[in-house]
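# Results of the structural survey
Each chain, letter by letter, is given below.
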Amino acid sequence: MCLGKSKEAEIKRINKELANIRSKFKGDKALDGYSKKKYVCKLLFIFLLGHDIDFGHMEAVNLLSSNRYTEKQIGYLFISVLVNSNSELIRLINNAIKNDLASRNPTFMGLALHCIANVGSREMAEAFAGEIPKILVAGDTMDSVKQSAALCLLRLYRTSPDLVPMGDWTSRVVHLLNDQHLGVVTAATSLITTLAQKNPEEFKTSVSLAVSRLSRIVTSASTDLQDYTYYFVPAPWLSVKLLRLLQCYPPPEDPAVRGRLTECLETILNKAQEPPKSKKVQHSNAKNAVLFEAISLIIHHDSEPNLLVRACNQLGQFLQHRETNLRYLALESMCTLASSEFSHEAVKTHIETVINALKTERDVSVRQRAVDLLYAMCDRSNAQQIVAEMLNYLETADYSIREEIVLKVAILAEKYAVDYTWYVDTILNLIRIAGDYVSEEVWYRVIQIVINRDDVQGYAAKTVFEALQAPACHENLVKVGGYILGEFGNLIAGDPRSSPLIQFNLLHSKFHLCSVPTRALLLSTYIKFVNLFPEIKTTIQDVLRSDSQLKNADVELQQRAVEYLRLSTIASTDILATVLEEMPPFPERESSILAKLKKKKGPGTVTDLEEIKKERSSDMNGSAEPASVNASAVSTPSPSADLLGLGAAPLTNSAPPPASSGSLLVDVFSDSASAVAPLAPGSDDNFASPDLASSEVVSEEPADTVHDADELFHKFVCKNNGVLFENQLLQIGLKSEFRQNLGRMFIFYGNKTSTQFLNFTPTVICSDDLQSSLNLQTKPVDPTVDGGAQVQQVVNIECVSDFMEAPILNIQFRYGGTFQNLSVKLPITLNKFFQPTEMSSQDFFQRWKQLSNPKQEVQNIFKAKHPMDAEITKAKIIGFGSALLEEVDPNPANFVGAGIIHTKTTQIGCLLRLEPNLQAQMYRLTLRTSKEAVSQRLCELLSEQF
Amino acid sequence: MIKFFLMVNKQGQTRLSRYYEHVEIHKRTMLEAEVIKNCLSRSKDQCSFIEYKDFKLVYRQYAALFVVVGINETENEMAVYELIHNFVEVLDKYFSRVSELDIMFNLDRVHIILDEMVLNGCIVETNRNRILAPLFVLDKVAEN
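These lines cover the structure that appears in this document, whether it is placed above or below. Model, not experiment: these values are computed from the prediction.

## Re the overall build of chain A
When you go through chain A residue by residue, the secondary structure sums to 41 helices and 16 strands. Counting across all 946 residues of chain A, residues that qualify as buried make up 56%. Once local pairs closer than 6 in sequence are excluded, the contacts in chain A between residues at least 24 apart make up 70%. On chain A, roughly 40,200 Å² of surface is accessible, and the fraction owed to carbon and sulfur atoms is 51%.

## Focus: the overall build of chain B
Summing up its helical and strand segments, chain B has five helices and seven strands in all. From first element to last, N terminus to C terminus, chain B shows the α and β order β-β-α-β-β-β-α-α-α-β-β-α. Per-residue burial over chain B gives 64% buried out of 144 residues. Within chain B, contacts between residues separated by at least 24 positions form 50% of all contacts whose residues are at least 6 apart in sequence.

## Examining the pairing of strand β5 (residues 742-751) of chain A
Residues and elements named next belong to chain A. Within β5, eight of the ten residues are buried, which leaves it mostly tucked inside the rest of the structure. Sheet analysis places strand β4 (residues 730-739) next to β5, joined by ten bridges and oriented antiparallel. In the sheet register, Arg-739 faces β5, and the bridge partner there is Leu-742. In this antiparallel pair of consecutive strands, β4 and β5, the connection spans two residues, and Gln-740 shows a positive phi of 50°. Across nine bridges, β5 lies against strand β8 (residues 790-799) in antiparallel orientation. Paired with Ile-747 across the bridge in β8 is Gln-793.

## Let's talk about helix α26 (residues 475-488) of chain A
The end-to-end C-alpha separation of α26 of chain A is 19 Å, in line with the 20 Å expected for 14 residues at 1.5 Å each. Taking burial as the measure, the 14 residues of α26 of chain A include 13 buried ones, the bulk of the element.

## Looking at the pairing of strand β15 (residues 907-917) of chain A
All names here are of chain A. In the sheet, strand β14 (residues 895-902) pairs with β15 via eight bridges, with the strands oriented antiparallel. Bridge pairing in β15 places Ile-901 opposite Ile-908. What sits between β14 and β15 in their antiparallel hairpin is a turn of four residues. One ladder, built from eight bridges, connects β15 with strand β16 (residues 922-929); its direction is antiparallel. Bridge assignment links Arg-913 to a residue of β16, and that residue is Thr-926.

## Some remarks on the packing of helix α19 (residues 351-360) of chain A against helix α21 (residues 383-394) of chain A
Residues and elements named next belong to chain A. Closest axis-to-axis distance for the α19/α21 pair is 10 Å, and the angle between their directions is 10°. Relative to α21, α19 is oriented roughly parallel. Here Ile-351, Glu-352, Ile-355, Leu-358 and Lys-359 of α19 lie close against α21, whose contacting residues are Gln-385, Ile-386, Glu-389 and Tyr-393. Partitioning the contact of α19 with α21 into residue classes produces five nonpolar, one polar and three charged.

## Overview of the sheet that holds strand β10 (residues 818-825) of chain A
All names here are of chain A. The strand order across the open sheet built from three strands is β6-β9-β10, with neighbouring strands paired in antiparallel fashion. Of all strands in the sheet, those bounded by a partner on one side alone are β6 (757-765) and β10. If you compare each strand with its neighbour and ignore which way they point, the axes differ by 15° on average. Examined bridge by bridge, β6 and strand β9 (residues 808-815) share seven bridges and lie antiparallel to one another. Within the sheet, the bridge partner assigned to Thr-761 lies in β9 and is Gln-812.

## A short note on the interface of chain A and chain B
Taken together, the 62 residues of chain A in the interface contact 59 residues of chain B. Its largest share of buried area at the contact with chain B, chain A owes to Leu-48, Trp-237 and Asn-325 of chain A, together 14% of the area lost on that side. Linking chain A to chain B there are four salt bridges. Arg-362 of chain A serves as the salt-bridge partner of Asp-45 of chain B, at 2.8 Å between the closest nitrogen and oxygen. Considering every element that reaches the side of chain A that touches chain B, the biggest residue donor is helix α9 (residues 143-159) of chain A, with eight residues. Here the residues of the side of chain A that touches chain B sort into 27 nonpolar, 22 polar and 13 charged.

## Description of helix α16 (residues 305-319) of chain A
All names here are of chain A. The terminal C-alpha atoms of α16, which comprises 15 residues, lie 21 Å apart, in line with the 21 Å expected from a rise of 1.5 Å per residue. When α16 is considered as a whole, its buried residues turn out to be Leu-307, Leu-308, Ala-311, Cys-312, Gln-314, Leu-315, Gly-316, Phe-318 and Leu-319. Close packing links the buried residues of α16 with α14 (255-273), α15 (281-301), α17 (324-337), α18 (344-348) and α19.

## Overview of the packing of helix α6 (residues 106-119) of chain A against α9 of chain A
Residue and element names in this part refer to chain A. Where α6 contacts α9, the axes come no closer than 8 Å and their chain directions differ by 20°. The angle between α6 and α9 falls in the class roughly parallel. Judged by the twist between their axes, the crossing of α6 over α9 is left-handed. Taking contact as the criterion, the partners of Pro-106, Met-109, Gly-110, Leu-113, His-114, Ile-116, Ala-117, Asn-118 and Val-119 in α6 are, on α9, Val-145, Ser-148, Ala-149, Leu-151, Cys-152, Arg-155 and Leu-156. Its residues assigned to classes, the contact of α6 with α9 shows eleven nonpolar, four polar and one charged.

## Looking at the nonpolar core
Ranked by size, the top nonpolar core spans 273 residues in total, and within it Ile-79, Ile-93 and Ile-97 of chain A together with Phe-87 and Ile-113 of chain B carry the most contacts. The leading source of residues in this core is helix α2 (residues 77-95) of chain B, at twelve residues. The contact partners of Ile-113 of chain B, leaving out residues within four places of it in the chain, are Phe-87, Val-90, Leu-91, Tyr-94, Ile-131, Leu-132 and Leu-135 of chain B. Among the nonpolar cores identified, the runner-up in size contains 60 residues, and Phe-725, Leu-774, Ile-797 and Leu-927 of chain A belong to it.

## Let's talk about the environment of Asp-372 of chain A
All names here are of chain A. Among the secondary structure elements, Asp-372 is positioned in helix α20 (residues 364-377). Linking Asp-372 and Leu-331, residues 41 residues apart in sequence, is a C-alpha distance of 8.4 Å. Looking at Asp-372, its side chain comes within polar contact range of the side chain of Lys-408, at 2.4 Å.

Criteria and thresholds
Residues numbered from 1 in each chain as written. Chains lettered and ligands numbered in written order. Predicted model: local features only at pLDDT ≥ 70, side-chain atom pairs only at ≥ 80, totals over all residues. Heavy atoms only, no water. Helix = DSSP H or I, 4+ residues; strand = E, 2+ residues; numbered from the N terminus. Buried < 20%, exposed > 50% of the residue type's maximum accessible area, 1.4 Å probe, protein only. Contact = heavy atoms within 4.5 Å. Areas by Shrake-Rupley, 256 points an atom, 1.4 Å probe, with all protein chains shown as cover. Pairing = 2+ DSSP bridges. Expected span 1.5 Å × (residues − 1). Axes fitted to C-alpha atoms, helices over the stretch in contact; angles between N-to-C directions. Parallel < 35°, antiparallel > 145°, perpendicular 65-115°, else oblique. Nonpolar A, V, L, I, M, F, W, Y, C, P; charged D, E, K, R; others polar. Buried area = accessible area lost by both parts, 1.4 Å probe. Salt bridge = Lys/Arg side-chain N within 4 Å of Asp/Glu carboxyl O. Left-handed = near helix turned anticlockwise from the far one by under 90°. Core = buried A, V, L, I, M, F, W, Y, C linked by side-chain atoms within 4.5 Å. Polar contact = N/O pair within 3.5 Å; in protein donor to acceptor, adjacent residues only side chain to side chain.

In short, shape yes, function no, at least from these values alone.
See below:
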């Protein structure tokens, strides 16, 4: 078909052709086989050019039943290219396939199997899942049919694993690794690798068979394998596949197998050093494909120091190779080697080469690998050099990778800082060089560190002051400068060159160039200056009083200006000093930068590296999330409060009181769907007299009340905010946040009546067992709660070790002369200390396998209590705290999740899998963690949710 | 796993596309356009592997024709790189000095060859004679 030159001409030509073919198909005259074939071929070509083909499908299906190979072939081709798995034609296609499979004609069988392998719908799986394994293992099946059958089965297993039951064919499939025909082995290895990932136990025997097959290949003379030798390399693709299969398993336990494998790997490494058998690049490429896969296996086993070091040296050679492809792959491979304790030192010896690569490589993806490798090989001994080089590179780095480099530099500088002045310098350099790429996490973090380390505060203040002198500086620097001077400006105020007024003028000179959030921050700095430097109070008040502030169009800025001005005028020095006190140290938490990098990079390198190096926790702190100046002054415990938390603080008391008891807590929960508080059981009649209601509550046995609240308790397993309890008198709302093993819960007690509660005493009670694993601190609340008012209580939570029960919240008070006593379970559950972990399918199943000890797994099969909606289920799993891993489970209907439970003493990795059965309205929930009690508890908690 | 196998010329016209995962047709055209843009903008001394979205592209250039294969992390880049060459050598053997026109006018044949080599995203056969065997049968039948 000849196409026109321009796009328009092409479309015109194609439309004409399509019309022609359509009329031919619709015409009265029956088309002969050749014409049909010709037109179907044309349609294929048109489809290839990106035009949708909405006819011809029926004609193609008709071709399937032709007895002529050529026609049948073109029919199958059309269908496997153009028909997707949910087409209505599948049933007709299945019929044709069934006939061809039964034909015993190997060519026809091959075509039919190819079609299943490429289309592979569920309906096909239903029709053929029983048949294919038989064809695959039957003694009389031709080799080429076996090949197709193997990949066909793989397809069905991927789309509908439930329809492909393991059976006696499995052991025979494993033995295909021994098949004398290498094509069969190639196809079978792909199938076995996938099956082994999901069912490692059943396919364990494949290890020794794969090792012996591999051994026979690598030791063969290049002529032995005839057509499977590619440029003097024996069966390179098959070798790669076998090495992949072995990466599904730990090193073989049997010493003989293990020895044989080591021998193979050594042979492969040796061959890399031998002179090439051919000058052709194909020869060395094929050889290196095998070599890289062998190195992957060595790294995966991570058990033979000798092999690891040899692998490292080999990769070191590649780092200087003239082929860019090899340098790229070597950098990538070495990155994983750096995390092995056996080879970390060996990798470090290549630092100069890698730094050089950063400077000279002409390909951004290669440079990116070099950055990754530098990051992976960094430790205390070379951190200063690596950070300096990365900073250097940042000046010229491609925009696409700047943000990542910034994060990496920030993490390394913090992690390996011995001298925190170096850290401060590094971050300020980062902002100077690549300010636009410095995310909030990074500058929050530097502030947090400065606040937590008093030895660096004076230096930081001096340094930011100097940096701010630059005529043009990045807004992020203004933010950091504003914050640090607001806190520690006094430390440098003694120097006449940085007197309070000079500091203020310097900051204010940047004010008008900044965005609203930065201006808001600067206003907070100014009010802090009022406290730090009373001598410039009037200057600052003048600025706050100016029209551009008080009448600013931006609500936030205007409000700050008004409030700060008022605060500075009416508050006494003491009050100012309390409200504007220096920030308390931040709790130590995982670095949010690290979390961000993990998110950016996805699972894999970063996480693994961290786990292996085991250097986390102690020197990784929490995010400098905007926190409050002083907890007592804060009315809204929202984690997204403004930086200084002063936004609304001074005005708390003037806020209008809640209009009616019904909306008492609504504002608190404005960010959650539960804003409309559910009514407590038994309170259908809202107008029941308080006395009647209270008689229900006043109970000698609090057990009853506790039981009532159980359902509400379970609601909190997957969410943090909402109403925990409500009756005619009292509403209890919760808002909580958790990070790692720490948490904070705000309990709001709302008096729904118009009468005072007296002697109001809420107590959190932990059983003896629970006390040792959960550390709770509460502050007493005011014993009087006015009618319509709400009081708040903060509970600080620390999870010391894993726990089962929940603490009890007991509340006693007097209302209108009657004594009220009620207890509810406080929803502090183990899953609150989850940190989600993203991981790839491969990682997931690898870890899943590692937790195969029966005690680590807990399973529960239960009836659905709620409609089985996938989206709601997903939300619940995320609310539960684990990461929801998409496209991990081969069955898309299943849900899998992963996360780490953080306790003070330990971290427990958890994997979960939820399999819904819509027909039976049942679920199967499986949890695997390293600790039986944890699996048990999580399973209990989560089972209640669906 | 191999996600897709493309042959695209320097003008950005797709000459062969085989997807091993279902992709909507309008997304295909977009993806192919982006992929070829990525390849064309690279020079000879850049490496043949490109990280693209959540997978990798492995490509090789033959005259004005690019062969681009999309793979996920379970494939060995170098092995796929040589797979491309093996495929081109098979085409060369069958068409005796293959050209872009051969591919355009014998699309069905090229598909058969590829289907013999890669099935369901996995390498299934690498032996040239066995790859071509069904095609020779087909040609013989067609002659009669």
